[in-house]
Amino acid sequence: MHRVIGIGGSVPEHCPCGTGLGYADCCGPLHRQERQASGVEALMRSRYSAYAVGNLDHVFRTWHPRTRPDDLVADAGLVWTGLEILDVVESDETGIVEFVARHRGPAGDGSLHERSRFEKRAGRWVYVDGEIAG
């Protein structure tokens with residue numbers, strides 16, 4: 001699968017993932033590899049924030065090796081504007097997060113509604129794949 005992601009630019013004061021916390025205390029430590037995601041929702045939020053701030057390294061690092069693309073292409077015209085978590089299901093080794101991610105681009109406003117699958121690999125959560133919802 002080949003993903004196109006938007007670049008948000010500078011590091012924000014408030015975390016783009018929508019928790020209401022500051023970026024430095026929320027997703028920032030995961031992006032800087034100071035800690036691992038505590039569960040699938042935290043990983044999903046950190047991946048969304050990585051898209052929003054243009055941190056492709058975090059996105060690549062948290063993608064399961066068997067399903068991740070060889071490269072990630074950033075779309076400079078796409079800006080991620082909001083995340084809504086709809087459902088979270090997590091067991092010891094697998095999880096699902098359903099979300100809607102909103103964006104703005106040259107074609108106007110849009111959204112991505114996905115059910116993402118996650119697995120625990122070597123003790124840490126990774127994104128496996130997602131099913132786009134209609």
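Let us look at the structure shown here. (Residues numbered from 1 in each chain as written. Predicted model: local features only at pLDDT ≥ 70, side-chain atom pairs only at ≥ 80, totals over all residues. Heavy atoms only, no water.)

1. A look at the pairing of strand S4 (residues 94-105)
Next, step 1: Across 10 bridges, strand S3 (residues 79-90) lies against S4 in antiparallel orientation. Residue pairing across strands places Glu84 opposite Val100, the latter belonging to S4.
Next, step 2: Hairpin connection between S3 and S4: a loop of 3 residues separates the two successive antiparallel strands.
Next, step 3: Of the strand pairs in this sheet, S4 and strand S5 (residues 108-121) are connected by 12 bridges, and their pairing is antiparallel. Bridge assignment links Val97 to a residue of S5, and that residue is Ser116.
Next, step 4: The antiparallel pairing of S4 with S5 creates a hairpin that spans 2 residues between the two strands. (Pairing = 2+ DSSP bridges. Helix = DSSP H or I, 4+ residues; strand = E, 2+ residues; numbered from the N terminus.)

2. Some thoughts on helix H2 (residues 40-53)
Three or four residues apart is the spacing at which side chains of an α-helix point the same way, because the helix has 3.6 residues per turn.
Next, step 1: A rise of 1.5 Å per residue sets the reference length of H2, with its 14 residues, at 20 Å; its end C-alpha atoms lie 20 Å apart and thus fit the reference within 8%.
Next, step 2: Of all the 14 residues making up H2, 12 are buried; the element is thus mostly covered by neighbouring parts of the structure.
Next, step 3: Buried within H2 we find Val40, Leu43, Met44, Arg45, Ser46, Arg47, Tyr48, Ser49, Ala50, Tyr51, Ala52 and Val53.
Next, step 4: Downstream of H2 by a residue or two, Gly54 has a phi angle that is positive, lying close to 80°. (Expected span 1.5 Å × (residues − 1). Buried < 20%, exposed > 50% of the residue type's maximum accessible area, 1.4 Å probe, protein only.)

3. Digging into the nonpolar core
Next, step 1: Residues Tyr48, Trp80 and Phe118 are the most contacted members of the largest nonpolar core, which totals 27 residues.
Next, step 2: Contributions of two or more residues to this core are made by H2, S3, S4 and strand S6 (124-132).
Next, step 3: The element that contributes the greatest number of residues to this core is H2, accounting for 8 residues.
Next, step 4: Among residues more than four places away in sequence, those in contact with Tyr48 are Pro16, Cys17, Trp80, Thr81, Gly82, Leu83, Ala101 and Arg102. (Core = buried A, V, L, I, M, F, W, Y, C linked by side-chain atoms within 4.5 Å. Contact = heavy atoms within 4.5 Å.)

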